[in-house]
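Reading the structure
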Amino acid sequence: MGTSVVAHVSSCDVDKRGIAEMLRDDSGRDTIDLSFGGQVFSDSLNFATLALRSPKISNVVYFLSTSQLLNEDDTSLQAQLFFRLASSGYRANDVAARLMRGNGMAAAPQVYQTPFSYKGVIYPDYNGRKTEFFTVEKQGQACPESLGRNRSFIEAGYWNSYARTAPRRNNIDDLARITVLGKSLGKRVLVVVLPIDFQDIETLSPELGQTVRQFALGLLGDLRTAGIDAVDLSDIGPGDLFSDRWCACGHLMADGRKHVAAAATAGLNIQAAR
């Protein structure tokens, strides 16, 4: 399970398999792909919990985009109430805490989708950025894919996705709880930290690159301190392993997806041998 990174395929790719399909082919295991574009942290957490409780499922692989950890109250109140009953009680679906924060019925917008300011420039919300910037960048792309044209906007996008704020501690605590749940059921939860395009970020701004690396290292340390079995793929190599590099969304070319699938397969095999 995970965001659009799991299934995204570039128009330049010859191999059109997503990460879940590659994982199935590499591991020889039957797989169920529960990823979809825009999947928020609460969605992934709840789906993983329900999957663990199915007698037909023995492993859960959580492909974690760091941007998922920035949010709270990211589903509607109705969905939050339902999943608290159907899956388990997590901080992410703590209704009392939500009401104390004063959030309403609707899902709160994901942090990276809201308007922001970077280096004195004010950028619109996600829909505005798609209209004003993404459309132009997408139209200008060819094969092989490139970093893009409007470097100031692209740099701002990477800051917004990876350095705007630190991951919420409550979300890391919930990942630790689902790890414990998996062990109690005799099952395995493998968290795969998805790649970050460090090379392009550092090309745009060495200072921003250093900040993003520090955030990524801090996250990995927090995951391991919390007892979460995590495979760190945040730094997998050059920018040409990434697709849609102008959107700072972590989409991958076929070679990048193959790397992630192979590492997830190895992680499952290592766990099985323990």
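Above this text you will find the structure in question.
Cut-offs used in this document
Residues numbered from 1 in each chain as written. Predicted model: local features only at pLDDT ≥ 70, side-chain atom pairs only at ≥ 80, totals over all residues. Heavy atoms only, no water. Axes fitted to C-alpha atoms, helices over the stretch in contact; angles between N-to-C directions. Helix = DSSP H or I, 4+ residues; strand = E, 2+ residues; numbered from the N terminus. Parallel < 35°, antiparallel > 145°, perpendicular 65-115°, else oblique. Contact = heavy atoms within 4.5 Å. Nonpolar A, V, L, I, M, F, W, Y, C, P; charged D, E, K, R; others polar. Disulfide = S-S within 2.5 Å. Buried < 20%, exposed > 50% of the residue type's maximum accessible area, 1.4 Å probe, protein only. Salt bridge = Lys/Arg side-chain N within 4 Å of Asp/Glu carboxyl O.

Viewed as axis vectors pointing N to C, helix α2 (residues 41-52) and helix α7 (residues 169-184) meet at an angle of 10 degrees, and their least axial separation amounts to 10 Å. The orientation of α2 relative to α7 falls into the category roughly parallel. In this structure, α2 contributes Phe41, Leu45, Ala48, Thr49 and Leu52 to the contact, and α7 contributes Asn171, Asp174, Leu175, Ile178, Leu181 and Gly182. Tallied by class, residues from the contact of α2 with α7 come to seven nonpolar, three polar and one charged.

Now for the state of the cysteines. One pass over the full model with this rule turns up two disulfides. In this model, Cys12 is linked to Cys143 through a disulfide, with the two sulfur atoms separated by 2.0 Å. Judged by the sign of its S-S torsion, about -90 degrees, the cystine formed by Cys12 and Cys143 is left-handed. Of this pair, Cys12 sits in the segment before α1 (19-27) while Cys143 sits in the loop between α5 (126-139) and α6 (151-162); the two residues are 131 residues apart in sequence, bridging distant segments of the chain. Judged by its relative accessible area of 22%, Cys12 is partly exposed. Judged by relative accessible area, Cys143 falls into the exposed class, the value being 53%.

For the structure shown, the criterion picks out 14 salt bridges. For Asp13, the salt bridge identified is with Arg257, shortest N-O distance 2.8 Å. In this pair, Asp13 is assigned in the segment before α1 and Arg257 in helix α10 (residues 254-273), connecting sequence segments 244 residues apart. Neither Asp13 nor Arg257 differs from the other in exposure class; each is buried. For the salt bridge of Asp173 with Arg91, the shortest nitrogen-to-oxygen distance reads 3.0 Å. Of this pair, Asp173 sits in helix α7 while Arg91 is found in the loop between α3 (77-86) and α4 (95-101), placing the two residues 82 residues apart along the sequence. Judged by its relative accessible area of 43%, Arg91 falls in the partly exposed class.

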